[in-house]
Amino acid sequence: MAAPLVVAAGAGVGFWRMLSGMSHGSFDPHDIHAPVLNRPVPDFSLPDQAPGTGFSAQDLRELKSPVLVNYFASWCIPCVAEMPVLNGLKDRLPIWGIAYKDKPEHALGFVQRAGNPYTRIAADHDGLAAIDWGVSGVPETFLIGPGGVIRWHTASPITETMITGTILPLAGSLKP
């Protein structure tokens, strides 16, 4: 009889702390702590989304300089919003895209309409690779350092502030 009350009280305290943190600006629902940070990319091999562009964990492990890996989907409204920012970044840092649970024709049409910031595009049709990456939704972006180590991660759309304040400085420190 007491167990349900304890569970309800614990949930209530957790909810209160979350709301309290939000009102004080110390809780960011997009700030998830990915368990993959500072670890090698998970094993995966994804087919081409466009001819000749698929990639695998081995491709990322062979990198000598940083690359951004961006999970996206044509049906994702925040993905549409971040495309101009990614297109502005593509000449400063390579971006590899992974189309998440999307039909090939829809994903390719999306990048053709929005402008293609991606050097390579792979397809995660069933979303299984995303599970190993720790992806909770789209867009989600990872900065991969030399040797295929995940150095930074966000579960929100990329902004110019992220680029200038975090991504480019970190990427610059990772170059050989």
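Definitions and cut-offs
- Residues numbered from 1 in each chain as written.
- Predicted model: local features only at pLDDT ≥ 70, side-chain atom pairs only at ≥ 80, totals over all residues.
- Heavy atoms only, no water.
- Core = buried A, V, L, I, M, F, W, Y, C linked by side-chain atoms within 4.5 Å.
- Buried < 20%, exposed > 50% of the residue type's maximum accessible area, 1.4 Å probe, protein only.
- Contact = heavy atoms within 4.5 Å.
- Pairing = 2+ DSSP bridges.
- Helix = DSSP H or I, 4+ residues; strand = E, 2+ residues; numbered from the N terminus.
- Axes fitted to C-alpha atoms, helices over the stretch in contact; angles between N-to-C directions.
- Bend = angle between axes of the 7 residues up to and from the residue.
- Salt bridge = Lys/Arg side-chain N within 4 Å of Asp/Glu carboxyl O.

A. Representation of the nonpolar core within the structure. Ranked by internal contacts, the top residues of the largest apolar core, which has 48 residues, are Leu60, Tyr71, Phe72, Trp133 and Ile144. Not counting chain neighbours up to four residues away, the residues in contact with Ile144 comprise Val41, Leu60, Leu63, Ser65, Pro66, Val67, Val69, Trp133, Val149 and Ile150.

B. Up close: the sheet that holds strand S3 (residues 67-72). One open sheet accounts for five strands, arranged S5-S4-S3-S6-S7; its pairing is mixed. A strand with exactly one partner marks an edge of an open sheet, and here the two such strands are strand S5 (120-124) and strand S7 (149-154). Between one strand axis and the next, the sheet turns through 25° on average, direction left out of account. When strand S6 (residues 140-145) meets S7, the two strands line up antiparallel, connected through five bridges. Pairing of Gly145 across the sheet is with Val149, part of S7. In the packing of helix H6 (residues 160-174) onto the sheet, contacts are made with S3, S6 and S7, and the angle to S7 comes to roughly 180°.

C. Highlighting helix H3 (residues 77-89). By the largest-angle criterion, Met83 marks the main kink of H3, which is about 40°, and a proline, Pro84, follows within four residues. Along H3, the positions that sit buried rather than exposed are Cys79, Glu82, Met83, Val85, Leu86, Asn87 and Leu89. Contact partners of the buried residues in H3: S3, strand S4 (95-100), helix H4 (104-114), S6 and H6.

D. Representation of unusual backbone geometry. For the bond running from Val138 to Pro139, omega is -5°, close enough to zero to count as cis. Mapped onto the fold, Pro139 is located in the loop between helix H5 (128-133) and S6. Even without being glycine, Asn38 reaches a positive phi, approximately 65°. Along the polypeptide, Asn38 turns up in the loop between helix H1 (2-23) and strand S1 (45-46). We note that Lys101 has phi near 45°; this positive angle belongs to a residue other than glycine. Owing to a relative accessible area of 43%, Lys101 belongs among the partly exposed residues under this scheme.

E. Summary view of the pattern of salt bridges. Summed over all chains, the structure comprises three salt bridges. As a salt-bridge pair, Asp43 and Arg61 come within 2.8 Å of each other at their nearest N and O atoms. A residue pair is termed long-range when its members are at least 10 positions apart, and Asp43 in the loop between H1 and S1 and Arg61 in helix H2 (residues 57-61) qualify at 18 residues. Owing to a relative accessible area of 59%, Asp43 belongs among the exposed residues under this scheme. By relative accessible area, Arg61 is classed as partly exposed at 28%.

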